[in-house]
Structure formats: structure tokens, C-alpha cells
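# Chain and residue survey
Read off the chains here:
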Amino acid sequence: MLERIGISLEDGLLEQFDKLIAEKGYVNRSEAVRDLIRDALVQRAFTESSGREERVAVVTLVYDHDSSSLAQKLAHIQHENHRAVVSALHVHMDAHNCLEVLVLRGRGKDVVAMGESLVATKGVKYGKLVPATAGHDLR
Ligand code: NI
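Reading guide: rules and limits
Residues numbered from 1 in each chain as written. Predicted model: local features only at pLDDT ≥ 70, side-chain atom pairs only at ≥ 80, totals over all residues. Heavy atoms only, no water. UniProt positions renumbered as here; feature names shortened; annotations may be inferred. Salt bridge = Lys/Arg side-chain N within 4 Å of Asp/Glu carboxyl O. Helix = DSSP H or I, 4+ residues; strand = E, 2+ residues; numbered from the N terminus. Buried < 20%, exposed > 50% of the residue type's maximum accessible area, 1.4 Å probe, protein only. Domains from an automatic or database assignment. Contact = heavy atoms within 4.5 Å. Buried area = accessible area lost by both parts, 1.4 Å probe.

As named in UniProt, the protein is Putative nickel-responsive regulator, taken from Anaeromyxobacter dehalogenans. What the UniProt record of the protein gives under Function is the line "Transcriptional regulator." Per its UniProt entry, the protein bears the Sequence similarities comment "Belongs to the transcriptional regulatory CopG/NikR family."

Here it is, written out as C-alpha cells:
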């Protein structure tokens, strides 16, 4: 069942929101708000107390290929947790930069701990841990 709700927003905030969702290609505000709510719910599911349920997440890393100690460190973390790494994609972005995309699966807290340690590794230029979900509760 679909329920209608009303939201009060300041002019400026609504203007920026409309600009943002137009850029992202949303056809209406409702779908954009639904996606924001889903994202918040998935984030919360990942940080819920027990952390024992199985979770899947994607980690994106960009780092300097010329720093061999950094590449070794990132590989070491992955090998230490090899059962959690479902898939790893390595792209040589340019002469100096590597992009790695990892799919992690395991207990929520383990997945988050591993993802965060990769992202936080000194020398990683860009890193992001993105929770994934099968979306059973998000329709
Ligand atoms: Ni590379």
C-alpha cells in the first residue's frame, strides 16, 4: 500500500534538492526521497548492534601503484580476510594509479571492520565502503 506524506522544507533547501535530483535523473521527488530513506535504512542495518547477520558490501579504493609498500599492505589485509573477499577487480587507471573494487561478504561487523581498515590505510587516495542489500524490507 502506498501512503502519502507531506514534508515541509525551506525554499532554498527545496531548490537545491530539486536541482540535485534533476541532475541525477529522477523523474519526481517521491522516488528521490524513497532512495534517501532506503539508503539510510541500509546504512543503519550495517551498524546495528549485533553485527552477526551476513552482510555484503562493496569497497572502492584508488591508490598509487608506485608505492609498493601500500599495494602490499592492501593485499595483505585482503589475504588475511580472504574468505570475506568474494570478488576483486583491479583496473590500472593510468600510469600511476590503481583502482580496486572489492565485494565483501561476511558478518556485518567483520565486513565493516575490514572495509574501514582498507579505506583508512595511509596512502589510499580515495576509498569508500558502500553497503549492499538484497532489499527484502525496502519495497
Ligand atoms: Ni594497477
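This part is about the pattern of salt bridges. One pass over the structure, following the stated rule, counts six salt bridges. R38 is the salt-bridge partner of E31, the closest N and O atoms lying 3.2 Å from each other. Among the ionic pairs, D35 bridges to R38, the shortest N-O distance being 2.6 Å. One end of the pair is D35 and the other is R38, both in helix 2 (residues 29-47) and three residues apart, which spans about a single turn. D35 sits in the partly exposed class, given a relative accessible area of 28%. Residue R38 is classed as partly exposed on the basis of its relative accessible area, which comes to 23%.

On to the domain arrangement of the protein, then. Taken domain by domain, the protein holds domain 1 (11-47) and domain 2 (54-132). The distance between the C-alpha centroids of domain 1 and domain 2 comes to 27 Å. Of the residues lining the interface, four residues belong to domain 1; the matching set on domain 2 comes to seven residues. Of the roughly 480 Å² buried at the junction of domain 1 and domain 2 (both faces included), carbon and sulfur atoms supply 74%.

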